[in-house]
Amino acid sequence: MPRTIEEQSVEELGGQASVLARQRRDHAEMDRLMGRYGSLPPGEDREKVLKDLVQLVFSHAFAEETVLWPAVRRSVPDGEELTSRVEEEHQEINDLVADIERLEPGTPEREEKVERAFALIRQDIQDEEGLLLPRLQEAVDTDRLRKLGTAWETMRRTAPTHPHPVIPRRPPGNTVLGVPLSLYDRTRDALGLNVPAHVLKKVLAGVAGFVVCVAALAVVRKRR
Ligand SMILES: [Fe+2]
Ligand SMILES: [Fe+2]
């Protein structure tokens, strides 16, 4: 029986750059944020913690689905079954957080969904650290774990940061939709969550139109 990710040293996981060590760091931060949310009274500070958690969870999971799970399916004999299970968990978390973002903070319905989402995030971490990632560790060498770590981290830093009902869980659909959705999410994060989605979509469409016009003008000028 392979050892869980939790009980190994950083060296055993392949060093700080290994995807296993990077995963564990993010999981620990998710756990810390969920604990912090539970310790705070309803209000702005608690909502900020939830926002940070959502951004971390969704960029982390998107990079898993686009980079890491395809590698698991290629390298681990029962990778298909293992990754299907965590993809289902990701989908449930996606649906719950989409509801949470629509509901008024502090209402019992929202708090109940937050609790269910937290329980699923904890289950997801347990399944990955206890089963899926140790199987990947058995199947590939340290050099591969570090390369996967770099690829996963790069994707994570440019990934969407919120739930999207339309986004598929597997490549190539999620990879293709990831770029515009990431731009949309990250603009929304930078401006603050209280900007209504329909307003932001119009702003982004306007910015895109402006960029196209500037590019067209530049081409016309060059030809003259
Ligand atoms: Fe993870
Ligand atoms: Fe996950």
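Rules and cut-offs
Residues numbered from 1 in each chain as written. Chains lettered and ligands numbered in written order. Predicted model: local features only at pLDDT ≥ 70, side-chain atom pairs only at ≥ 80, totals over all residues. Heavy atoms only, no water. Helix = DSSP H or I, 4+ residues; strand = E, 2+ residues; numbered from the N terminus. Buried < 20%, exposed > 50% of the residue type's maximum accessible area, 1.4 Å probe, protein only. Contact = heavy atoms within 4.5 Å. Areas by Shrake-Rupley, 256 points an atom, 1.4 Å probe, with all protein chains shown as cover. Axes fitted to C-alpha atoms, helices over the stretch in contact; angles between N-to-C directions. Parallel < 35°, antiparallel > 145°, perpendicular 65-115°, else oblique. Left-handed = near helix turned anticlockwise from the far one by under 90°. Expected span 1.5 Å × (residues − 1). Polar contact = N/O pair within 3.5 Å; in protein donor to acceptor, adjacent residues only side chain to side chain. Donors = N, O, S within 2.8 Å, 3.2 Å for Na, K, Ca; no water. Tetrahedral: all angles 85-135°; square planar, octahedral: opposite > 155°, others 65-115°. Nonpolar A, V, L, I, M, F, W, Y, C, P; charged D, E, K, R; others polar.

## A closer look at the overall build of the chain
Argument step 1. Helix and strand counts for the chain stand at 7 helices and 0 strands.
Argument step 2. Buried residues in the chain amount to 44% of all 224 residues.
Argument step 3. Across the chain, every contact between residues at least 6 apart in sequence was considered, and the portion connecting residues at least 24 apart equals 72%.
Argument step 4. Summing over all exposed atoms, the chain offers an accessible surface of approximately 12200 Å²; the carbon and sulfur share of this is 58%.

## Points about the packing of helix 2 (residues 44–75) against helix 3 (residues 79–102)
Argument step 1. Interhelical geometry of helix 2 versus helix 3 gives an angle of 155° and a closest axis separation of 11 Å. Between helix 2 and helix 3, the angle falls in the class roughly antiparallel. For the element pair helix 2 and helix 3, the recorded crossing hand is left-handed. Side by side, helix 2 and helix 3 meet where Leu 50, Val 54, Val 57, Phe 58, Ala 61, Glu 64, Glu 65, Trp 69, Val 72 and Arg 73 of the first sit next to Gly 79, Glu 80, Thr 83, Val 86, Glu 87, His 90, Ile 93, Asn 94, Val 97, Ile 100 and Glu 101 of the second.

## Overview of the side chain of Asp 26
Argument step 1. Relative to the elements of secondary structure, Asp 26 occurs in helix 1 (residues 19–39).
Argument step 2. A relative accessible area of 8% means that Asp 26 is categorised as buried.
Argument step 3. In this structure Asp 26 touches Leu 56, His 60, Trp 152 and Arg 156, once residues within four positions along its chain are discounted.

## Focus on helix 1
Argument step 1. The terminal C-alpha atoms of helix 1, which comprises 21 residues, lie 30 Å apart, in line with the 30 Å expected from a rise of 1.5 Å per residue.
Argument step 2. Along helix 1, the positions that sit buried rather than exposed are Val 19, Leu 20, Ala 21, Arg 22, Gln 23, Arg 24, Asp 26, His 27, Met 30, Leu 33, Met 34 and Tyr 37.
Argument step 3. Summarising the contacts, the buried residues of helix 1 are in contact with helix 2, helix 4 (108–139) and helix 5 (142–157).
Argument step 4. Capping the start of helix 1, Ser 18 holds a side-chain oxygen 3.0 Å from the backbone nitrogen of Leu 20, two or three residues further along.

## With respect to the coordination of the iron ion (ligand 2)
Argument step 1. Binding of the iron ion (ligand 2) to the protein goes through Glu 64 (OE), His 90 (NE2), Asp 124 (OD) and Glu 128 (OE), at separations of 2.0 to 2.4 Å.
Argument step 2. Each of the 4 donor atoms bound to the iron ion (ligand 2) contributes to angles spanning 86 to 175°, and the resulting shape is irregular.
Argument step 3. The motif formed by the donor residues of the iron ion (ligand 2), counted along the single chain, is E-x25-H-x33-D-x3-E.
Argument step 4. In this structure, the iron ion (ligand 2) lies 3.7 Å from the iron ion (ligand 1), and both are coordinated by Glu 64. With a gap of 64 residues between them, Glu 64 in helix 2 and Glu 128 in helix 4 connect regions that are remote in the sequence.
Argument step 5. Classification of Glu 64 by relative accessible area gives buried; the value is 0%.
Argument step 6. The buried category is assigned to Glu 128, whose relative accessible area is 1%.

## Topic: the packing of helix 3 against helix 4
Argument step 1. The geometry of helix 3 relative to helix 4 is characterised by a closest axis approach of 9 Å and an angle of 160° between their N-to-C directions. By the angle class used here, helix 3 and helix 4 are roughly antiparallel. Taken as a pair, helix 3 and helix 4 cross one another with a handedness that is left-handed.
Argument step 2. Residue composition of the contact of helix 3 with helix 4, grouped by class: 12 nonpolar, 3 polar and 11 charged.

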